[in-house]
Number of protein chains: 2
Amino acid sequence: MTMKIGFIGLGIMGKPMCKNLLKAGYDIKISSRNSETNKELNELGAEVVSSLKQLAEISDTIITMLPNSPEVLDVILGKEGIINWVRRGTTIIDMSSISPIVSKEIYSVLIKKDIDFLDAPVSGGEPKAIDGTLSVMVGGKEEIFHKCLPILETMTSSVVRMGKVGSGNATKLVNQIIVALNIAAVSEAFVLAQSMKIDTELVYRAIRGGLAGSAVLDSKAPMIMNRDFRAGFKINLHLKDLNNVMDTSENLNTPLPLTSSIREILKSLVIDGDGYEDHAAIVKYFEKVASTEVNPKLVK
Amino acid sequence: MTMKIGFIGLGIMGKPMCKNLLKAGYDIKISSRNSETNKELNELGAEVVSSLKQLAEISDTIITMLPNSPEVLDVILGKEGIINWVRRGTTIIDMSSISPIVSKEIYSVLIKKDIDFLDAPVSGGEPKAIDGTLSVMVGGKEEIFHKCLPILETMTSSVVRMGKVGSGNATKLVNQIIVALNIAAVSEAFVLAQSMKIDTELVYRAIRGGLAGSAVLDSKAPMIMNRDFRAGFKINLHLKDLNNVMDTSENLNTPLPLTSSIREILKSLVIDGDGYEDHAAIVKYFEKVASTEVNPKLVK
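- Chain A appears in an unreviewed UniProt entry as 2-hydroxy-3-oxopropionate reductase from Halalkalibacter oceani.
- Check the Sequence similarities (unreviewed entry) section of the UniProt entry for chain A; it says "Belongs to the HIBADH-related family."

1. A word on the relation of the copies chain B and chain A
Phase 1 of the analysis: Mapping chain B onto chain A is achieved by rotating through 180° and translating by 0.0 Å along the same axis, at an RMSD of 0.1 Å. Put plainly, the chains are arranged around a two-fold axis. For chain B, the smallest separation between a C-alpha atom and the rotation axis is recorded for Ser214 of chain B, amounting to 1.9 Å.
Phase 2 of the analysis: A share of 100% of interface residues in chain B that are also interface residues in chain A marks the association as one of identical surfaces.

2. Looking at the side chain of Lys284 of chain A
Residues and elements named next belong to chain A.
Phase 1 of the analysis: Structurally, Lys284 is set in helix 13 (residues 282-289).
Phase 2 of the analysis: Only 3.4 Å separates the side chain of Lys284 from the side chain of Asp274, close enough to count as a polar contact.
Phase 3 of the analysis: Discounting chain neighbours no more than four positions away, the residues touching Lys284 are Phe229, Leu269, Asp274 and Glu277.

3. With respect to the packing of helix 1 (residues 14-23) of chain B against helix 2 (residues 35-43) of chain B
Residue and element names in this part refer to chain B.
Phase 1 of the analysis: Viewed as axis vectors pointing N to C, helix 1 and helix 2 meet at an angle of 20°, and their least axial separation amounts to 10 Å. Of the possible angle classes, the one that applies to helix 1 and helix 2 is roughly parallel. Once helix 1 is placed against helix 2, the crossing between them reads as right-handed. Along its contact with helix 1, which presents Lys15, Cys18, Lys19 and Leu22, the element helix 2 presents Thr37, Glu40 and Leu41.

4. A word on the environment of Val136 of chain B
All names here are of chain B.
Phase 1 of the analysis: With respect to the element layout, Val136 can be found in strand 8 (residues 134-139).
Phase 2 of the analysis: Separated by 103 residues in the primary sequence, Val136 and Leu239 have C-alpha atoms spaced 20 Å apart.
Phase 3 of the analysis: Setting aside its immediate chain neighbours within four residues, Val136 contacts Met95, Ala120, Pro121, Val122, Leu152, Thr156, Ser158, Val159 and Val160.

5. Regarding the interface of chain B and chain A
In many analyses, interface size is given as the accessible surface area lost on bringing the parts together.
Phase 1 of the analysis: If you look at the interface, chain B gives 75 residues, while chain A gives 75 residues.
Phase 2 of the analysis: Interface of chain B and chain A: buried area, both sides summed, is about 6300 Å²; carbon and sulfur atoms make up 71% of it.
Phase 3 of the analysis: Viewed at the interface, chain A and chain B are joined by zero salt bridges.
Phase 4 of the analysis: Examining the composition of the side of chain B that touches chain A, we find that 19 residues originate from one element, helix 8 (residues 167-195) of chain B, more than from any other.
Phase 5 of the analysis: Residue composition of the side of chain B that touches chain A, grouped by class: 42 nonpolar, 22 polar and 11 charged.

6. Concerning the nonpolar core
Phase 1 of the analysis: Counting 105 residues, the largest nonpolar core has Phe190 of chain A together with Phe190 of chain B as its most contacted members.
Phase 2 of the analysis: The contact partners of Phe190 of chain B, leaving out residues within four places of it in the chain, are Thr200, Val203, Tyr204, Leu217, Ala221, Ile224 and Met225 of chain B.

7. Some points on the domain arrangement of chain A
Residue and element names in this part refer to chain A.
Phase 1 of the analysis: Once the domains are mapped, chain A shows domain 1 (4-165) and domain 2 (170-298).
Phase 2 of the analysis: Its C-alpha centre places domain 1 at a distance of 30 Å from the equivalent point of domain 2.
Phase 3 of the analysis: Contacts between the two partners involve 14 residues from domain 1 and, on the opposite side, 11 residues from domain 2.
Phase 4 of the analysis: Both faces considered, domain 1 and domain 2 share a buried interface measuring about 1000 Å² in area, 58% of it formed by carbon and sulfur atoms.
Phase 5 of the analysis: Across the domain 1-domain 2 interface, the total number found is zero salt bridges.
Phase 6 of the analysis: Counting every contact that joins domain 1 to domain 2 gives five residue pairs in polar contact (both at pLDDT 80 or more).
Phase 7 of the analysis: Elements with a contribution of two residues or more to the side of domain 1 that touches domain 2: helix 5 (100-110) and strand 7 (122-123).

Scoring rules and cut-offs
Residues numbered from 1 in each chain as written. Chains lettered and ligands numbered in written order. Predicted model: local features only at pLDDT ≥ 70, side-chain atom pairs only at ≥ 80, totals over all residues. Heavy atoms only, no water. UniProt positions renumbered as here; feature names shortened; annotations may be inferred. Least-squares fit on C-alpha atoms with pLDDT ≥ 70 in both. Contact = heavy atoms within 4.5 Å. Helix = DSSP H or I, 4+ residues; strand = E, 2+ residues; numbered from the N terminus. Polar contact = N/O pair within 3.5 Å; in protein donor to acceptor, adjacent residues only side chain to side chain. Axes fitted to C-alpha atoms, helices over the stretch in contact; angles between N-to-C directions. Parallel < 35°, antiparallel > 145°, perpendicular 65-115°, else oblique. Left-handed = near helix turned anticlockwise from the far one by under 90°. Buried area = accessible area lost by both parts, 1.4 Å probe. Salt bridge = Lys/Arg side-chain N within 4 Å of Asp/Glu carboxyl O. Nonpolar A, V, L, I, M, F, W, Y, C, P; charged D, E, K, R; others polar. Core = buried A, V, L, I, M, F, W, Y, C linked by side-chain atoms within 4.5 Å. Buried < 20%, exposed > 50% of the residue type's maximum accessible area, 1.4 Å probe, protein only. Domains from an automatic or database assignment.

Next comes the structure, spelled out in structure tokens:
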């Protein structure tokens, strides 16, 4: 079986994910608007086709890796969307991080045309996309999941099927709540440490092995201490995810007071021009609101 | 050298810490108001003396492990405090988690009488106190720290000197901010997962290896899923720590909006009678504010 995979969305994440599929020997079709990307991937074995129409017509499986719900809706269901061209029995795997409500909407339209669908957002940034060590959380029918498992395993090191369509993105939202608030926790803690004139390097060493230890502390504390906020995962994108969280929580009557607060903080950072920085730059908000005048009481 | 150590504060944490000193062969003096505790530790080799006065007079080093600032102030500097009885050159190691401002106050009084002082709060609960695997963060003069290091190492597996007196408790406050907010993060995330009808066990498995992973997730998510909120570390005590955090942040003009929110949540839980539960019970607050009526939009 020579399975043909169409890959749509060859950005910071999509391109290295696609490269891992090429390395594993998959027959990949692409049609990027970026000719550099087409050239680069073509040299690695991808076939460049002239349009999404053609890509959709010849692929058995189509992977989308796009910024947010509107782009995914447009590419799949839009006027020029691939729904118009894909054959019955094709599987679309949307690996974008979007609203689970939108995933369900897309599924309900596709299934009427006998097109299978998985929502399969990933966690982990560009380095993990390159190494093929992303985590993917998948929603969709069990048999479709099993059919696509080898493809997913080629790009990731952890694959968990969460349930029906929508549950992949639902899990991703849960993940993004924890990540955002854990960064805020480290940020408030480190800003207070600085105000107290405590060496943050020593703080990190003293607390990382205990209950305050986390993947966020290990990856973001050094960025904060070294003032290196190159993304990584951009504040803009995290805000997008938290907007999806809050839409969902409103639909479900589930107040999330702290997530709501950190969303407001992300908005404030975007307004201040920090949207393209890594989400470790959340610390800047707390630094801005802290007084530059340090009370000498604790310092002496 | 037969160093005599007086140990004051033989509660949930202090008793197992004292036992580890006895096991290591230290000459321990105690004078608990609890005769059961005196009996138990006497059988392990501790000498029970008749009063704190006597304990203070015969000890070279005195360890205090008490609930909060007022108790520490009372035992050390109060009318009947040990300051009245200890000899010049004695070292007092306060291992309680209290306000760093109070640690500095105590130090400034003791040093005038040639009594040395370290603030050395620990992180980790009763099981780590029993195993001798607590983390301790120490403030105080370097030579005093080195003199006391073998004693501290007997009760802990990580010892870091943070700086001058007060810096131990300052670091503990930093630690408690992160722990409280990381629990809140897991709590909001899990409550949303439940509203979305996603299996929290699968969520835990899908996200724990990624950027959402943390010591809090690993230790508290199972407690939340199993509805097992036996302390562990009580909400009452975490509220005490966050009160010390907010007092300090006010002194330093360092606003901590999220820490302030989680403190209010802890207050609400204490009012509702949950103060003696483990801090994993923070999740109960978010469950209470969430609607019991689930919007069917995302569930079907």
